[in-house]
Amino acid sequence: MTGCGHRGICNTIEHAKKITGQSEIYAICKAYSIPDIGISARLAEFQQPADYIARVNAFAQKVTAAGFTFSYHNHGAEFIRLTDGKRAMDHFLEAFDSDTVCYMPDTYWLHDGGCDVRHFLEQTKNRVKILHLKDLKRTPEGHTFAEIGSGNLYFEGIIKAALENGVTNFVVEQDICDTNPIESLQKSFVYVKGLLER
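Cut-offs used in this document
- Residue numbers here run from 1 along each chain, matching the order of that chain's written sequence.
- Since the coordinates come from a predicted model, pLDDT governs what is reported: local features require at least 70, and pairs of side-chain atoms require 80 or more to be given and counted, while whole-chain, interface and lining totals use all residues.
- Values reported for side chains reflect all heavy atoms of the structure, with hydrogen atoms and water molecules removed beforehand.
- Residues belong to one nonpolar core when they are buried, are Ala, Val, Leu, Ile, Met, Phe, Trp, Tyr or Cys, and are joined through side-chain atoms within 4.5 Å.
- Each residue is assigned to one of three classes by its accessible area relative to the maximum for its type, calculated with a 1.4 Å probe on protein chains only: buried under 20%, partly exposed between the two thresholds, exposed over 50%.
- Labels follow the DSSP assignment, with helices taken as runs of H or I lasting at least four residues and strands as runs of E lasting at least two, numbered in each case from the N terminus.
- Any two residues whose heavy atoms approach within 4.5 Å at even a single point are treated as in contact.
- Note on geometry: axes are C-alpha line fits, over the in-contact stretch for helices, and angles between N-to-C directions span 0 to 180 degrees.
- Just so you know how the angles are binned, under 35 degrees is roughly parallel, over 145 roughly antiparallel, 65 to 115 roughly perpendicular, and the rest oblique.
- Crossing handedness follows the turn of the near helix against the far one: under a right angle anticlockwise gives a left-handed crossing, and clockwise gives a right-handed one.
- Any residue that is not Ala, Val, Leu, Ile, Met, Phe, Trp, Tyr, Cys, Pro, Asp, Glu, Lys or Arg is counted as polar, Gly included; the first ten are nonpolar and the last four charged.
- Any helix carries an expected span of 1.5 Å times its number of residues minus one.
- Throughout, the arc means the angular range of directions from the helix axis out to the C-beta atoms.
- Distance and chemistry together define a polar contact, namely a pair of N or O atoms within 3.5 Å, with one atom able to donate a hydrogen and the other to accept it when in protein, and with adjacent residues in sequence counting only for side-chain atoms on both sides.
- The predictor reports its confidence for every residue as pLDDT, a score running from 0 up to 100.
- Stacked, edge-to-face and tilted are the three classes for Phe, Tyr and Trp ring pairs, Trp counted by its six-membered ring, which pair at centre distances within 6.5 Å; planes under 30 degrees apart are stacked, over 60 edge-to-face, the rest tilted.
- By this definition, two strands are paired if DSSP reports at least two bridges between them.

Okay, the nonpolar core next. Residues Tyr 52, Tyr 72, Phe 92 and Phe 96 are the most contacted members of the largest nonpolar core, which totals 49 residues. Of the residues forming this core, the biggest block, six residues, is contributed by helix H3 (residues 49–65). If we ignore the near neighbours within four places in the chain, the residues touching Tyr 72 are Ile 39, Ser 40, Ala 41, Phe 46, Tyr 52, Glu 78, Phe 92, Phe 96, Cys 102, Tyr 103 and Met 104.

All right, on to the packing of H3 against helix H4 (residues 88–95) then. Contact geometry for H3 and H4: axes closest at 10 Å, N-to-C directions at 45°. Taken together, the axes of H3 and H4 are oblique relative to one another. Our pair here, H3 against H4, has a crossing hand that is right-handed. Contact with H3, carried on its side by Pro 49, Tyr 52, Ile 53 and Asn 57, involves His 91, Phe 92 and Ala 95 of H4 and no other residues of that element. Classifying every residue of the contact of H3 with H4 gives five nonpolar, two polar and no charged.

Compared with an ideal rise of 1.5 Å per residue, which puts 16 residues at 22 Å, helix H8 (residues 181–196) spans 22 Å between its outermost C-alpha atoms and is within 8% of the ideal. Among the residues of H8, Ser 184, Ser 188, Val 192 and Leu 195 are the ones counted as buried. For H8, the angular spread of buried residues about the axis comes to 55°, placing them on one side. Residues of H8 that are exposed and point more than 90 degrees away from the buried face comprise Ile 182, Gln 186, Phe 189 and Val 190. Of the residues flanking the start of H8, the one acting as N-cap is Asn 180, its side-chain oxygen 2.7 Å from the backbone nitrogen of Ile 182.

Let's shift gears to the confidence of the model for the protein chain. For the protein chain, mean pLDDT is 89; residues scoring 70 or higher make up 92% of the total. The low-confidence segment residues 1–5, where pLDDT is below 50, has 22 contacts with residues more than four positions distant or belonging to other chains.

Our focus in this paragraph is unusual backbone geometry. In this structure, Asn 126 is a non-glycine residue whose phi angle is positive, near 65°. If you trace the backbone, Asn 126 turns up in the loop between helix H6 (117–123) and strand E4 (130–133). A relative accessible area of 45% means that Asn 126 is categorised as partly exposed.

To continue, consider the packing of aromatic side chains. If you walk through the whole model with that rule in mind, you get 13 aromatic pairs. With a centroid separation of 5.7 Å and 80° between ring planes, the pair formed by Phe 59 and Phe 70 is classed as edge-to-face. Of this pair, Phe 59 sits in helix H3 while Phe 70 sits in strand E2 (residues 69–72), and the two are eleven residues apart along the sequence. We note that Phe 59, like Phe 70, is buried. Seen from their ring centres, Trp 109 and Phe 145 are 6.4 Å apart, and the 70° between their planes marks the pair as edge-to-face. Placement of the pair is Trp 109 in helix H5 (residues 107–112) and Phe 145 in strand E6 (residues 142–146), with a sequence separation of 36 residues.

Pairing is parallel in the open sheet, where three strands are placed in the order E1-E2-E3. Sheet topology places strand E1 (36–39) and strand E3 (102–103) at the edges, where each strand pairs with a single neighbour. Pairing of E1 with E2, which is carried by four bridges, proceeds in the parallel orientation. When the bridges of E2 are listed, Ile 37 appears paired with Phe 70.

Listed below in structure tokens is the structure:
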């Protein structure tokens, strides 16, 4: 429901209504003390970026008027060049309402999309409160997910940039684990905790 719904705005809301029996999504979030409502989208949803941006801005106004913060959570599709030659994320950075739309970036997908994570955090200063930490490692078969600190991303610099640019919450995320997921989470937690305690 928050952050990484992977289903788009409408599908996420309809699914939440169905499984909770509540018709008012804000009531569900308030009942669970969820302060931020976040969405993500698939490439097909933002092929016409102006239309998508208008929908997101309108939704963000409703969410913030109801007392929540609103965040957009990226994946890799936002960095594909559209027919106008710009990336969808370029359109978002230019036109998402800076008063109501925050970002909830994912370090893996920023890097995968060709972004410098630290530069993105500087571009969105004070508009990122929640940062998804996900590492990327290269293997002979290509790239995949890894525990934080065991992949190729420079997390010492990422954490420093995050703290300098207003990030207050970190979410450790790993889509695929080579070992037991709890052990992977523990390894990532210990590494991130060590960086935060420096």
